Amino acid sequence: MNADQLDRTIRDVLNGWTPDSPGAPAGLADRLVRRRRRRNLVRAGGAALGLAGIAVGSVLVTGGGGGDRTQPPASGVSKESRLLWRTTLPGTSWDACTTGPGAVYCRGAAYDGIGVDARTGKVEWRRKAEANDGNGTPAGSLAGVRDGVLYTYADHAPGTSRAGTDLVALDIDTRRVLWKHELADDSRDRDSGVLFDGGILANSPSFKSVAALDDTTGRTLWTYKWKQADCDRAAINGVPYLMCSPDSEKAPQRSTVVRLDPATGEARTVATVDGPTIYLGTDGDAVLLGGMAGDQEYFGDPGPATLTRVDLGSGKVSQHRADGMPMGDVADGIILTSRRGGTVIAYSADNGERLWSRELGLTLREDPRDPAMLELASDAAVDLDNRVAYYLDPSGHLVGLDLGSGEVRWRGQVRLPKSPVEGGVAPELMLHDHTLIGQIGGQLFRIEPVLPEAGS
Amino acid sequence: MDPQDHERFREFVDARWSALLRLANLLTGGDRHEAEDLVQIALLKALGRWRHIEDPEGYVRKVMYRHQISRWRLRRPHREATFATPPEELAGVADGTSAADLRITVRQALGRLTPRQRTMLVLRYFEDLSETEVASVLGCSVGTVRSTTHRSLARLRGLAPELGAPARAATAAPSTNVPRGAHT
């Protein structure tokens, strides 16, 4: 066979080689969108302490009730702990929890909300979702709990292929829905509903707008919209802020931090910086933004970064070079960044300097369906009184790192039923009265770490 | 994701899944599971920059080629290929005379090439990329493309003796004048 004949034969073979199922599997595109959203949520969600829960957030913002910052790190690693309870939640698919006074609240595919007694682990109440057909979007976090109301998410049109999302105010005592408000986007992310002093900020009525809702009636108090930008939302010291970055290459290539008046929604630009940025979190009265300083394509790609601090009082901007994107949990001037495979790097929130890095020593299994995907550890739950950052892996192993040095101070384990590997999905860890509440799939537990004595 | 982007993505997946799966089948040598994984991984990657991509199909295809390179590096354990070929068709290989038999034999031989060799042939003969384009896509030199293509064809002839020995000692890479085929 000469070259031309071979050429034709190979072309014939390749062009005649067709798959036997030409159609896309039903709902594949929607599943991919949800899968990517989950990955994003678990990877970047910690920036504003969303996944660690509202209670953890308040501890970090307020300084945890006057923790002793001068306390020296203890030497030695404790493996002591006390498992207070472990509970198997009803149903199978759980995606977000938060803590409130004396209780843990979660939502999942089959339930818009359940309440668990934080003292005993007993499921006190549950509110079923109207449809559990897998079409709803999993939530990365719950909007929060305030004044006896749980702010959760539910399908707007249950049972349909495009279920959409409602922000739902659920009275905890009566389990009655006080109000619900349809969101523009069904991200169910940490900034889809943001509690601020005077209301709750909802991503509504359009993708590029927010509506401030009265938290008891759901009435719209004011709205604010923007163009040519993607804006992250956060409440800082009770005030709503937008952190906006250009939404395309055609948009003006600058990022802005915008303050929204809680009463009127009047917008004031606090600061503007060049180029696209990603919101990293807050450090005291400063907003932290990250920019790519190398030739990265995505914010998550490895490479140098620019850490921008925006002082919310004065609008003063300072920029610092970091050797990687310091994306993660911000606690007491330190940004804790998790890297693939279970390494944590601590950066100074002041100047981007790398302070320490530490292998967590947790078990993060490979997804057999996609070896490029590993299980993820939880975001950090930080106990500022003891200055320990805790992490949880999907197999129930826990580790506590000294916030100042990165040294391991505690290890623990909760024995759990064997679960399938879910690459890209992280468990959730929350701090509750110096104890840890963890959620891995349908397992919820509370454990009290016993830290080594200082100087031991 | 903006609802309009979401809708655009959904339409793209529905419309192009078959063509993308076909390419993935070739790249993976007929391993249906790997092929589906490959398309989904590429679609997920495209989702990350969806609103910035002007040519989604071109982008997704390029991701698939490159991901295939990273798969070589991962050295995944070999999985039994699940050819998109009915068993009765495979049974016809024995007489080795008809054009259909020859196609089956060549298809099986393609499935037995290394991923690198197979990818090279798929890019040259199915995607109709020029040597320069293949080099650019795979991040190697044009010389590497030529030599790999040459070796791939030699191995193909070895695996499928029906193709016979080359008439002359020249590479059988397709002419760069061949018009680019439309993506199907």
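Our structure's up above, just so we're on the same page.
This section reports on the structure supplied with the text. (Residues numbered from 1 in each chain as written. Chains lettered and ligands numbered in written order. Predicted model: local features only at pLDDT ≥ 70, side-chain atom pairs only at ≥ 80, totals over all residues.)

Thoughts on the overall build of chain B
The number of helices and strands found in chain B is eight helices and zero strands. Overall, chain B shows an N-to-C arrangement of helices and strands of α-α-α-α-α-α-α-α. Considering chain B as a whole, with its 184 residues, one finds that 36% of them fall into the buried category. Put simply, of all contacts in chain B between residues at least 6 apart along the chain, 62% involve residues at least 24 apart. (Helix = DSSP H or I, 4+ residues; strand = E, 2+ residues; numbered from the N terminus. Buried ≥ 20, exposed ≤ 12 C-beta atoms within 10 Å, placed from the backbone. Contact = placed C-beta atoms within 7 Å.)

Notes on the overall build of chain A
From N to C terminus, chain A includes three helices and 34 strands. Looking at the 456 residues of chain A, the share that counts as buried comes to 49%. For chain A, the proportion of contacts with a sequence separation of at least 24, taken over those separated by at least 6, is 51%.

Things to note about helix α6 (residues 115-126) of chain B
For α6 of chain B, a buried count of 10 out of 12 residues is recorded, marking the element as mostly surrounded by other parts of the structure. Within two residues after α6 of chain B, Asp128 of chain B carries a phi angle of roughly 55°, on the positive side.

Some details on the sheet that holds strand β11 (residues 199-202) of chain A
All names here are of chain A. The antiparallel open sheet is built from four strands, whose spatial order is β10-β11-β12-β13. The outermost strands of the open sheet, each flanked by one partner alone, are β10 (193-196) and β13 (220-225). For this sheet, the mean inter-axis angle between neighbouring strands, taken without regard to orientation, is 20°. Both β11 and strand β12 (residues 209-213) contribute to a ladder of three bridges, which runs antiparallel. Along β12, the bridge assignment pairs Leu201 with Ala212. (Pairing = 2+ DSSP bridges. Axes fitted to C-alpha atoms, helices over the stretch in contact; angles between N-to-C directions.)

Quick word on the packing of helix α1 (residues 3-16) of chain A against helix α5 (residues 99-112) of chain B
The contact between α1 of chain A and α5 of chain B brings their axes to 9 Å, and the two run at 80°. For the element pair α1 of chain A / α5 of chain B, the angle class is roughly perpendicular. Contacts between α1 of chain A and α5 of chain B involve Thr9, Ile10, Asp12, Val13 and Gly16 of chain A on the former and, on the latter, Leu102, Arg103, Val106, Arg107 and Leu110 of chain B. Grouping the constituent residues of the contact of α1 of chain A with α5 of chain B by class yields five nonpolar, two polar and three charged. (Parallel < 35°, antiparallel > 145°, perpendicular 65-115°, else oblique. Nonpolar A, V, L, I, M, F, W, Y, C, P; charged D, E, K, R; others polar.)

Some remarks on the sheet that holds strand β1 (residues 81-88) of chain A
All names here are of chain A. Here four strands make up an open sheet; going across it, the order is β1-β34-β33-β32 and the pairing antiparallel. Every other strand in the sheet has two partners, leaving β1 and β32 (428-432) as the edge strands with one partner each. Neighbour to neighbour, the strand axes of the sheet diverge by 20° on average, direction disregarded.

Some points on the packing of α6 of chain B against helix α8 (residues 142-159) of chain B
All names here are of chain B. At a minimum axis distance of 9 Å, the contact between α6 and α8 shows a crossing angle of 105°. With respect to their mutual orientation, α6 and α8 come out roughly perpendicular. Contact with α6, carried on its side by Arg116, Gln117, Met120, Leu121 and Arg124, involves Val145, Thr148, Thr149, Arg151, Ser152 and Arg155 of α8 and no other residues of that element. When the residues that make up the contact of α6 with α8 are grouped by side-chain class, the tally is three nonpolar, four polar and four charged.

Details of the environment of Thr272 of chain A
Residues and elements named next belong to chain A. Tracing the chain through its elements places Thr272 in strand β17 (residues 267-274). According to the C-beta neighbour criterion, Thr272 is partly exposed, with 15 such atoms within 10 Å. Between the alpha carbons of Thr272 and Val258 there is a distance of 9.0 Å; along the sequence they are 14 residues apart. Apart from the residues lying within four places of it in its own chain, the contact partners of Thr272 are Arg254 and Thr256.

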